[in-house]
Structure formats: C-alpha cells, structure tokens
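# Descriptive structure summary
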Amino acid sequence: MNWYSSVQVLSKVLEQLAVTDGAGTLLDADAGFALFREWIEECRGERRRVYFVGNGASASMASHFSTDLAKNADVPTEVFTDCSLITATGNDFGYEQTFAYPLGQRMVPGEVLIAISSSGNSPNAVAAVARARELGGRSVTITAMSQDNRMRALGDLNFYLPADSYGMAESGHGAVLHHLIDLFTQRGA
C-alpha cells in the first residue's frame, strides 16, 4: 500500500466513526463529542477526576491525552501507567485487575473513565469499564476492530472506528482524542 492509499483508508475509517450511548443508540458524532465534553466539564467544575486506561500504544495515548486534558482543560486526570502499580497489581490480583483494582480505590460517583483499546476486548480494560459502572462513574470507550467488541457494549458513551488494523485503529483513536482536546482549546472553551 502506498502513502496515498493509507491516507485514503484512514480518511474512510474516520468518516465512519460510530458514536453510541449506553443503550447502543447511534448518536450524531458532534452530539457525542458534546456529551463527552459536558461530562469532562462537570468533572472540572466539581474537581473530580478523569481516568485513562489502555495497553501498549493505547497506554501511550492514555498518558498523552491525560496530560493534554490536564494541561489544556484544567481537569484533574489520572492514568494507570506506572510500572510499579501495574506489576504489583498484576502479581497480587492478576493482570485483568491492573486497571480495575486501582480504579476501585479512587473513583467516586460522577467521575469519568476513558478506556482506549483497539480490539475493545482487552480483559483489563473491559474489567475497568465494568468497575467504573459499579462505582457510579461514567465510562467512555474508544475502540475499533470488531463492532461487537466487549467494551463497546459496556460503555456509557462509545466511539467506535471500523479499522481492521492496529495502525489505522491507533491513528484514528489519536484523531478522536485530539478532536476532544481541540474542543477545550478553541476560543471560549
């Protein structure tokens, strides 16, 4: 595949962004982003946290966008990428609990979890989304690959890209999250 073909594939993936609510109802993308922003603004106004989780490249994105949101929107954020926390939790409670366990120690009702996963089926990310629900938090999932992935079925707000490769999924997820940050950096935000 040449460069132009890759750009065309990514463009098509982004054009097919599907945003659904917790009942699986399809929302207009701009309405989905507006609700996403509203939830984050509520956290900012109440000094509540927005948490980020992801594995591999998605962990990198979680860290990146946690920083961007804290810096550009003045929102308290937390990301579970500390290697001591991950390895101790994984060793003591199993890798599936690497996000859900610390989330259970911290999250209070009304806070937001942003879970990023290309497959939408990573057991530790799925467990974190389920834990957020138990704690009265809101969860936003950002997934790709299979449209019937597990995280998408659990989130309160779900951003899904029909990418069939990790490169396209990760590039698309970066675009979705950059758009969110841009909503806070535009004039009047």
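Scroll up a little and you will see the structure.
Here's a quick rundown of the structure. All residue numbers refer to position in the chain's written sequence, counted from 1. Given that this is a predicted model, residues contribute local features only at a pLDDT of at least 70 and side-chain atom pairs are listed and counted only at 80 or more, while totals for whole chains, interfaces and linings are drawn from all residues. Excluding hydrogens and water, the side-chain figures rest on all heavy atoms present in the structure.

## Remarks on the side chain of Ser-118
To be explicit about the condition: For the purposes of this entry, the term helix denotes a DSSP run of H or I that reaches at least four residues, the term strand denotes a run of E that reaches at least two, and both are numbered from the N terminus. Working rule for contacts: check all heavy atoms of both residues, and any pair within 4.5 Å makes them a contact.
Inspection of the secondary structure puts Ser-118 in the loop between β5 (112–117) and α6 (123–134). The residues contacting Ser-118, other than those within four sequence positions of it, are Ser-58, Thr-143, Ala-144, Met-145, Tyr-166, Ala-169, Glu-170 and His-173.

## Topic: the nonpolar core
What counts, and what does not: Each nonpolar core is a collection of buried residues, namely Ala, Val, Leu, Ile, Met, Phe, Trp, Tyr and Cys, held together in the definition by side-chain atoms within 4.5 Å. Under the scheme applied here, a residue whose accessible area is under 20% of the maximum for its type counts as buried, over 50% as exposed, and between as partly exposed, the area being computed with a 1.4 Å probe on protein chains only.
The biggest cluster of nonpolar side chains holds 34 residues, and the ones touching the most others in it are Val-50, Leu-69, Ile-114 and Phe-159. The greatest single-element share of this core, amounting to eight residues, is contributed by helix α8 (residues 166–185).

## Quick notes on the packing of aromatic side chains
The cut-off we apply is this: Within 6.5 Å between ring centres, the rings of Phe, Tyr and Trp (the latter by its six-membered ring) count as paired, and their orientation is classed by plane angle as stacked under 30 degrees, edge-to-face over 60, tilted in between. Distance and angle both matter: a charge sits over a ring if NZ of Lys or CZ of Arg is within 6 Å of the ring centre and within 35 degrees of the ring normal.
Tallied over the entire structure, the rule returns four aromatic pairs. Each ring, one from Tyr-51 and one from Phe-80, has its centre 5.9 Å from the other, and the planes form 20°; the classification is stacked. Residue Tyr-51 is located in strand β3 (residues 50–53), and its partner Phe-80 is located in the loop between β4 (77–79) and α4 (83–93); the two are separated by 29 residues in the primary sequence. When the ring of Phe-93 is compared with that of Tyr-101, the centres are 4.2 Å apart and the planes differ by 25°; the resulting orientation is stacked. A relative accessible area of 43% places Phe-93 in the partly exposed class. Among the aromatic residues, those joined into a cluster by ring pairs are Phe-33, Phe-36 and Phe-159. Geometry around Phe-184 places Arg-37 over its ring, the cationic atom sitting 5.0 Å from the centre.

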